[in-house]
Structures are given as C-alpha cells and as structure tokens.
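As a plain string of letters, each chain reads:
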Amino acid sequence: MSQSSAAPATEHNKSPEILSLIGDTPLVEVTQFDTGPCRLFLKLENQNPGGSIKDRIALSMIEAAEADGKLELGGTVIEATAGNTGLGLALVAGAKGYRVVLVIPDKMSQEKISHVRALGAEVRITRSDVTRGHPEYYQDVAAMLAEQIPGGFYVNQFGNPANPLAHERTTGPEIWEQMRHDVDAVVVGVGSGGTLTGLGRFFNRVKPRRGIEMVLADPTGSILYEYVKSGQLVESGSWAVEGIGEDFIPEIADMSLVTEAYEIDDADSFAAARELLRKEGIFGGSSTGTLLAGALRYCREQTKPKRVVTLVPDTGNKYLSKMYNNFWMAEQGFIHRPPHGDLSDLISHRYEAGEVITVGPDDSLLTAFKRMRDSDVSQLPVVDKSGRPIGIIDESDLLVKVHREPSHFNDPVSTAMTDQLETLPPDAKITDLLGVFDRGRVAIVMDGNKFLGLITRTDLLSYLRLHMPKSSTPPEREFV
Ligand SMILES: Cc1ncc(COP(=O)(O)O)c(C=O)c1O
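In what follows, the accompanying structure is described.

With 5 of 5 residues buried, strand β10 (residues 307–311) lies mostly within the body of the structure. Where burial is concerned, the two faces of β10 agree: the one with Arg 307, Val 309 and Leu 311 and the one with Val 308 and Thr 310 are both buried. Bridge analysis of strand β2 (residues 39–43) against β10 gives 5 bridges, and the strand direction is parallel. When the sheet's bridge partners are listed, Lys 43 is paired in β10 with Leu 311. With 3 bridges joining them, strand β7 (residues 185–188) and β10 adopt parallel strand pairing. Of the residues in β10, the one forming a bridge with Val 186 is Val 309.

Structure (structure tokens):
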C-alpha cells in the first residue's frame, strides 16, 4: 500500500460519504405470504452499502476503538472473519484509511475472498479444520497478529460491546420509529449475538417486562435452539445457511433475552428465501430464509393479531452460485428431480433442457477454450447440427494442437477432438462408469439415438456423497 493511500482520511477531516449511508434501512410489509392473524415486516439490512447488517457493527466497533484510543492514525484493523463482518470492516476501516488484515479460514469461497481483497483488505488464510486453542484457529491467529503488528487492533466481534451497542442505538430505534411504536415480536438469528443482545436490550427498555417477544430462528445443527429450550449444551451438527447458528455461546450473546425459539432446517431456509425473491422481489441471503421461515411459523401459531418484525440480514448476491443456483441445489439434495432409478439420475446437466455447454465441430478451438473457461469445465461434448454428439474435446486436446503454434487456436474443433466416444445406455451399471473413468474419459449417456448428457467423476462423487448416511457426515464449522 502506498503512503498516500494508507494515510487516514481523517487527515482531510472527512470520511467518505458512503459511510453516512450505513443504517436507516427501509422496512417493508410482507404481503404475498400467509401470515396467519399477524402482520409481518422486514427490515432490509441488505440495503446497507456493504450489503449486510454487519456494516453497522463495523462502523460502531471502529469508532469505539478510535474513541478509546485503541485505534490510531496509521493503525491496522485485524479481524477473524470471511463473512459479512469482513466486508463491513474492509469497507469502513478502508474508507477511513486504516490497513485491514482479515484472517480467513480456508473453506471460504473464492468470491468472498476476492470481494474483501477488492475492497483493499489483506488476507491471511488459515485452517478451517481446527478448533479454539489450536495455534492455527482463525480467532487465535487474529489475536496473535494484533500483538505482533504495531498499532494493531483486534476487533473481535464475539466479545466487543460496541457490536450489540450498534443495534441498541441504531437498528432498534429505527424499527421502533418505522413501526410507529407498535411492535409485538422481533425474530432474529444469532451469529455473534450482537443483533439479539442489542435489539433485546432496546426493546426491553421501551416495553419492559418482556413486552416485546424476542424470537430466535436457529439453523438445525446449531446448539442455540436446544440451549434456549432446555438449557443443555449439545454437540453441534452442520448446516449450510451462512452467518447464523453457532457451536458455542458467544460472549456477547445474552441468550436469556430469547422468549421463544424455532429450529429451521437448510431446505426450509433456502425454500423461504427463494420464495421471498419470487413473490416479494426481495433478494436476501440464506439466513433471510431462516428468519422468514421462523417468523412465518411464529405468525401462523398466534391466535391474536400481532405486529412482527424480522430482518433481511444480507443480500442474495453472494448466494447466486449456491442457494439461487438450481444445479447446486440439486447436487446438495435440496431440489429433487423425479428419479428414474438409472444412470440418468447422475446427470447434473441435461441436454434436452439446454443445460449442457457444447461446441460445434466447425467452431474454433479458441471458442472451445473460452467456453471451458467461462463455465469452469475441462471438457466439452462436440455436437453436430442435429444434436448428435460426435466427439469430446478437452484441455489436453487443445494443448496438443496449440502448444507449438498458438495461431492454431483458429483451427476448427473437428481437427482436435477425440471421436472415440464412451457411450453408455441409461441402464448401464456404476462399474461400467468406473471403467470409462479409468480410461481417462467421461461417459456420454445415450438413450438410443437421444443424447441425455455427460457423467463425470465429479457427478459420481456428488451422487455418492448425497447418498452418504446423515449420521456419518462430520459437523462443519460456521464462520461469520
Ligand atoms: C448473514 C447474517 N449475518 C449476521 C447476522 C447477525 O448475527 P449477529 O448479530 O448475531 O452476529 C445475521 C442474523 O440474522 C445474519 O443472518
């Protein structure tokens, strides 16, 4: 980073104006769902400049550290996160001219890592398969870096009182005003616990003695639901919803504020978020689905009319390749196609439905290469005008042609493709597939003359993983 870009913006006595757009998010009523006797409202936190509710805490934690003298001119902001908190901090601290270092577990998606890097944050990758106390545990690495880097400030959203304070001072009062001081219940999720604690404190103050219910919507697999219901700390499982659910009780999470809790599984969360986009045009992330599903369950169980609020904590943009992608949903078992009971069940992209990326024999090798790159595959079926597969072209075929003379990228695909096809009928066996893979090929599934699609090693692995017994699936850690 150059000297001038590292210089805090406070030198100009002014932060970028975008920071003034954090908070004051709109609130809308849900009108296209069955809400029983209740009215349900959504606070659109996805409309913050960084795309999530975490912009609020990023601003609050940075400004608190500045006020306390923990963060000074030329200082470095350090946090363990690959989630929205990282984006919020990269935005806020970056805009204020601080250096930002984020410690990110290695399971996080490249998209998220690219996003924080684009905002100017430095990234240290660490292990995601180790727990608290291990020297490579992401929070321990961040704490250690803060000691090593002069002027380093470890944000620690899980233990930082400025996190709940952001919600107590901004999110809560905004909801209260927008609802015209008439609220019966608020439905929240818990990641760090900042939202729950901050909103709970605020609403207990404006309507004391639990006048406003604080309802927890928790992903199945998280320990929080059971803790609220029975006080027991159970072993955690895994869940795919991002940003909420925990395998421990965070320091700042005041679970005693929760008056009712619901457990929502991934399938219901994803279905609710997708339905919200289609029916109401609201583009939320996966946890939006958990909160909406929890809020709808609460609303429908009521016997008296109530005014209920929940949140859209982040934007759906980050979930386009997951929850909003039908192939990912099918691969993960969240969308079910009618099974045929044969090999065609392993085809992830069906030719007839226009889902297979193909190339024609007369297309150039450059076209083939670009299609492979764009769709992140290493081979393409070559299909003639009648829709019949006549060859396969892969990266090795391309290399053989162009490595000495790159101008051969202009040659037609037919000059480089393999025309020895490995075709299998739908009623072939998995062992037949293994034979094809052993020969280094992909299987082309043909029902007579009809091309159904390809099966690759990855397709077979995904299929087998999906059929792995749930009990033998190891828990996965959540990183917010
Ligand atoms: C994506 C996401 N991040 C963060 C949060 C808030 O979690 P916390 O304030 O407990 O960290 C939520 C809450 O609903 C969420 O859905």
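Bringing the packing of aromatic side chains into the picture now. This model, assessed by the stated rule, comprises 10 aromatic pairs. Geometrically, the ring pair formed by Tyr 137 and Tyr 138 is edge-to-face, given 5.3 Å between the ring centres and 90° between the ring planes. The buried category is assigned to Tyr 137, whose relative accessible area is 3%. Ring centres 5.8 Å apart and planes at 40° place the aromatic pair Phe 369 and Phe 409 in the tilted group. Here Phe 369 is found in helix α12 (residues 365–375), whereas its partner Phe 409 is found in the loop between α13 (395–402) and β13 (423–424), with 40 residues between them in sequence.

Let's shift gears to the site of the ligand. Residues in close proximity to the ligand total 16 residues, the closest being Lys 54, Ser 192, Gly 193, Thr 195 and Ser 287. Contact distances for the ligand include 2.5 Å between an oxygen atom and a side-chain N or O atom of Lys 54. Here Gly 193 contributes a backbone N or O atom positioned 2.6 Å from an oxygen atom of the ligand. When isolated, the ligand has an accessible area of 390 Å², and the protein chains bury 99% of it. Elements represented by at least two residues in the shell around the ligand include exactly α7 (194–206) and α10 (286–301). When its residues are assigned to classes, the shell around the ligand shows 4 nonpolar, 9 polar and 3 charged.

About the thresholds
- Residues numbered from 1 in each chain as written.
- Predicted model: local features only at pLDDT ≥ 70, side-chain atom pairs only at ≥ 80, totals over all residues.
- Heavy atoms only, no water.
- Buried < 20%, exposed > 50% of the residue type's maximum accessible area, 1.4 Å probe, protein only.
- Helix = DSSP H or I, 4+ residues; strand = E, 2+ residues; numbered from the N terminus.
- Pairing = 2+ DSSP bridges.
- Phe/Tyr/Trp six-rings, centres within 6.5 Å; stacked < 30°, edge-to-face > 60°.
- Near = heavy atom within 4 Å.
- Polar contact = N/O pair within 3.5 Å; in protein donor to acceptor, adjacent residues only side chain to side chain.
- Areas by Shrake-Rupley, 256 points an atom, 1.4 Å probe, with all protein chains shown as cover.
- Nonpolar A, V, L, I, M, F, W, Y, C, P; charged D, E, K, R; others polar.

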